[in-house]
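What follows is the residue order along each chain.
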Amino acid sequence: MSVIAVSRDDCTKCGVCVNVCPAFIISMEKGDYPLVTEDKEKRCMRCGHCEVFCPFDALKVDFKGDYPANFNPRALDIKPDQFGKFMQSRRSIRQFRKKPVDPRVLDDVMETVRFAPTAANRQKVHYIVIMDTEKVRRISALAIEWMQKVMSEQPDHPYADIFNGMIEAYDQGIDLVCRNAPHIIFAAVPTNNPFAVTDAAIALTWFELVAKAYGVGSCWLGTLKLAAEEYLPIQEELHIPKGYLPNYALIFGLPKLRSKGVPKRDPLSVEYI
Ligand SMILES: Cc1cc2nc3c(=O)[nH]c(=O)nc-3n(C[C@H](O)[C@H](O)[C@H](O)COP(=O)(O)O)c2cc1C
Ligand code: SF4
Ligand code: SF4
């Protein structure tokens, strides 16, 4: 069975599928229907472009995976100006209500995040979502424990000021690591895929934006990323699969405060050449 199945009733031999295939594996001999020869099948990255760009619904891919649970083509009509404002109004949220995020809302968010791009369409990002707030507290405690260890071994660490500040605040009952957030999402990636770190960053960027659309606020956690990458007790707590390392993390929850506008930023540094 080939990775593509072409309906002879519907295919007009327009050649669009041949042109859109990023792996250049679809061929169409003169007058014949498109096909992927057996020797080329391994190069298919399962991107599905041949199927979704076919103007006549004549081609179906034949590999594992499933379509979005909900796909509303009308959502594609979003106005650029509206979308731009939505993006610009994204803010890092660090004050959260106590009320947890509804797991059903999270399911919907993750169902969209599932479609974030990954290099060569590998789709190897593994998510760890901590819904249990007590566990979030444990992660904060472990991150502080790691910082204390780093400070005792490398007092000149480049982030010494930040770590010492977080340790001091923690001693006074203030959690600057996870900001008393109710939940965390980690993206873990395989250690043997050099592109996967970027995949994780893209996936969490999607998470942040999609979550915002559902009224859920989030914030990137650089210090927790460092701690999780280096401190085994955190990785154990997160059940990181073998061959994976935790990458970035976001805290998230229902925002306590609402920002009214968009803050100032530097002018764009760009050269069009
Ligand atoms: C980090 C990263 C690197 C990528 N590099 C390339 C590339 O060098 N050439 C290319 O044609 N596509 C590249 N892509 C696009 C992916 O192949 C594409 O996102 C994936 O096949 C899924 O298709 P989609 O974006 O249409 O969902 C890259 C994507 C990511 C996230
Ligand atoms: S894009 Fe669709 S109609 Fe056109 S050649 Fe490919 S399968 Fe046939
Ligand atoms: S799924 Fe992507 S890579 Fe595979 S045949 Fe279709 S267009 Fe080409």
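The structure under discussion appears in the preceding block.
In every chain, residue numbers begin from 1 and rise along the written sequence. The lettering of chains begins at A and the numbering of ligands begins at 1, in the order of writing. In keeping with the predicted nature of the model, local features appear solely for residues at pLDDT of at least 70, side-chain atom pairs appear and are counted solely at 80 or more, and the whole-chain, interface and lining totals rest on all residues. Side-chain figures throughout are based on the complete set of non-hydrogen atoms in the structure, without hydrogens or water.

A. Up close: the side chain of K225. The helix count covers DSSP runs of H or I at least four residues long, the strand count covers runs of E at least two residues long, and both are numbered beginning at the N terminus. Among the structural elements, K225 can be located in helix α8 (residues 222–230). Only 2.8 Å separates the side chain of K225 from the side chain of E229, close enough to count as a polar contact. Under the rule applied, a polar contact is a pair of N or O atoms within 3.5 Å (in protein, one hydrogen donor and one hydrogen acceptor; residues adjacent in sequence only if both atoms are side-chain atoms).

B. Structural view of the nonpolar core. In this text, buried Ala, Val, Leu, Ile, Met, Phe, Trp, Tyr and Cys residues form a nonpolar core when linked through side-chain atoms within 4.5 Å. Accessibility here uses a 1.4 Å probe with only protein chains present; expressed as a share of the type maximum, an area under 20% marks a residue as buried, one over 50% as exposed, and anything in between as partly exposed. Counting 34 residues, the largest nonpolar core has I184, F186, L224 and I234 as its most contacted members. Throughout, a contact is declared for two residues whenever any of their heavy atoms are within 4.5 Å. Ignoring anything within four residues of it in the chain, the contact list for I184 reads I128, V129, I130, V136, I139, C178, L224, A249, L250, I251 and F252. Residues M110, V125, V210 and L250 belong to the second largest nonpolar core, which totals 20 residues.

C. A nonpolar patch on the surface, seen in detail. What goes into a patch is any residue over 30% in relative accessible area without a salt bridge, connected to like charges within 9 Å or, for nonpolar side chains (Val, Leu, Ile, Met, Phe, Trp, Tyr), within 5 Å. Areas reported as accessible are Shrake-Rupley estimates using a 1.4 Å probe. Residue values count occlusion only from the protein chains shown. Within this document, salt bridges are pairs made up of a side-chain nitrogen of Lys or Arg and a carboxyl oxygen of Asp or Glu, the two lying within 4 Å of each other. The grouping of I78, F83 and M87 at the surface amounts to a nonpolar patch, some 260 Å² of accessible area in total. Tracing the chain through its elements places M87 in helix α3 (residues 80–88). The class for M87 is partly exposed, based on a relative accessible area of 34%.

D. Spatial organisation of the packing of helix α4 (residues 103–113) against helix α7 (residues 196–213). Angular values range over 0 to 180 degrees, each being the angle between N-to-C directions of two axes fitted as lines to C-alpha atoms, with helices fitted over their stretch in contact. Closest axis-to-axis distance for the α4/α7 pair is 9 Å, and the angle between their directions is 135 degrees. As the angle between them shows, α4 and α7 are arranged oblique. α7 is crossed by α4, and the crossing has right-handed handedness. Note on element contacts: α7 touches α4 through A203, W206, F207, V210 and A211, opposite L106, V109, M110, T112 and V113. Polar here means any residue other than Ala, Val, Leu, Ile, Met, Phe, Trp, Tyr, Cys and Pro, which are nonpolar, and Asp, Glu, Lys and Arg, which are charged; Gly is therefore polar. When grouped by side-chain class, the residues that make up the contact of α4 with α7 number nine nonpolar, one polar and no charged. Oblique is the label for any angle not covered by the other classes, which are roughly parallel (under 35 degrees), roughly antiparallel (over 145) and roughly perpendicular (65 to 115). Crossing handedness: left-handed means the near helix sits turned counterclockwise from the far one by under a right angle, and right-handed means the same turn made clockwise.

E. The site of ligand 1, seen in detail. A cutoff of 4 Å decides nearness: a residue is near a molecule or strand if any of its heavy atoms lies inside that distance of it. All residues adjacent to ligand 1 are M45, C47, H49, P117, T118, A119, A120, N121, T198, D199 and I202. H49 has a polar side-chain atom sitting 2.6 Å from an oxygen atom of ligand 1. In the complex, 51% of the free accessible area of ligand 1, which totals 620 Å², lies under the protein chains. Here the shell around ligand 1 takes three residues from α7, the largest share from any one element. Looking at the shell around ligand 1, its residues break down into six nonpolar, four polar and one charged.

F. Summary view of the pattern of salt bridges. The full count for this structure, using the stated rule, is nine salt bridges. A salt bridge links D66 to R114, with the shortest nitrogen-to-oxygen separation between them at 2.8 Å. With D66 in the loop between β4 (59–61) and α3 and R114 in the loop between α4 and β5 (126–130), this residue pair connects regions lying 48 residues apart in the sequence. Note that D102 is salt-bridged to R104, the shortest N-O span being 2.8 Å. Salt bridges linked by common partners bring D66, E111 and R114 together as one network.

G. Just the sheet that holds strand β7 (residues 217–220), in detail. Whether two strands pair comes down to DSSP finding at least two bridges between them. Pairing is antiparallel in the open sheet, where four strands are placed in the order β5-β6-β8-β7. Each edge of the open sheet carries a strand with a single partner, namely β5 and β7. Averaged over all pairs of adjacent strands, the angle between their axes in this sheet comes to 25 degrees, without regard to strand direction. The sheet contact formed by β5 and strand β6 (residues 183–190) spans five bridges and is antiparallel.

H. Highlighting the site of ligand 3. Near ligand 3 the following residues occur: C21, P22, I25, I26, C44, M45, R46, C47, G48, C50 and F63. Put simply, ligand 3 lies in the largest cavity. Here the shell around ligand 3 is built from residues that sort into nine nonpolar, one polar and one charged. Cavities and pockets were defined on a 1 Å grid built from protein atoms only: a cavity is a group of points that admits a 1.4 Å probe but offers it no way out, a pocket is an open group of points flanked by protein on both sides within 12 Å along at least five of seven lines, and a lining residue is one with an atom within 4 Å of any such point. Here the criterion for a molecule occupying a pocket or cavity is that more than half of its atoms lie within 2 Å of the pocket grid points.

I. Focus on α4. Buried within α4 we find L106, V109, M110 and V113. In an axial view of α4, the angular spread of the buried residues amounts to 95 degrees, which keeps them on one side of the axis. For α4, exposure combined with an orientation more than 90 degrees from the buried face picks out R104 and D107. Those residues of α4 hidden inside the fold are in contact with β5, β6, α7 and β8 (244–253). As used here, the arc belongs to the directions running from the helix axis to the C-beta atoms.

J. Quick look at the packing of aromatic side chains. Note on aromatic contacts: the rings of Phe and Tyr and the six-membered ring of Trp form a pair at centre separations within 6.5 Å, being stacked when their planes are under 30 degrees apart, edge-to-face when over 60 apart, and tilted otherwise. The full count for this structure, using the stated rule, is four aromatic pairs. Centre to centre, the rings of W146 and F163 are 5.3 Å apart; their planes meet at 65 degrees, and the pair counts as edge-to-face. Of this pair, W146 sits in helix α5 (residues 133–153) while F163 sits in helix α6 (residues 160–171), and the two are 17 residues apart along the sequence. Centre to centre, the rings of F207 and F252 are 5.2 Å apart; their planes meet at 65 degrees, and the pair counts as edge-to-face. Note that F207 is positioned in helix α7 and F252 in strand β8, a separation of 45 residues in sequence. Judged by relative accessible area, which is 0%, F252 ranks as buried. What links up through ring pairs into an aromatic cluster is the set W146, Y159 and F163. Definition used: whenever NZ (Lys) or CZ (Arg) falls within 6 Å of the ring centre and also within 35 degrees of the ring normal, the charge is taken to sit over that ring. The ring centre of F86 lies 4.9 Å from the NZ or CZ of K212, which sits over that ring.

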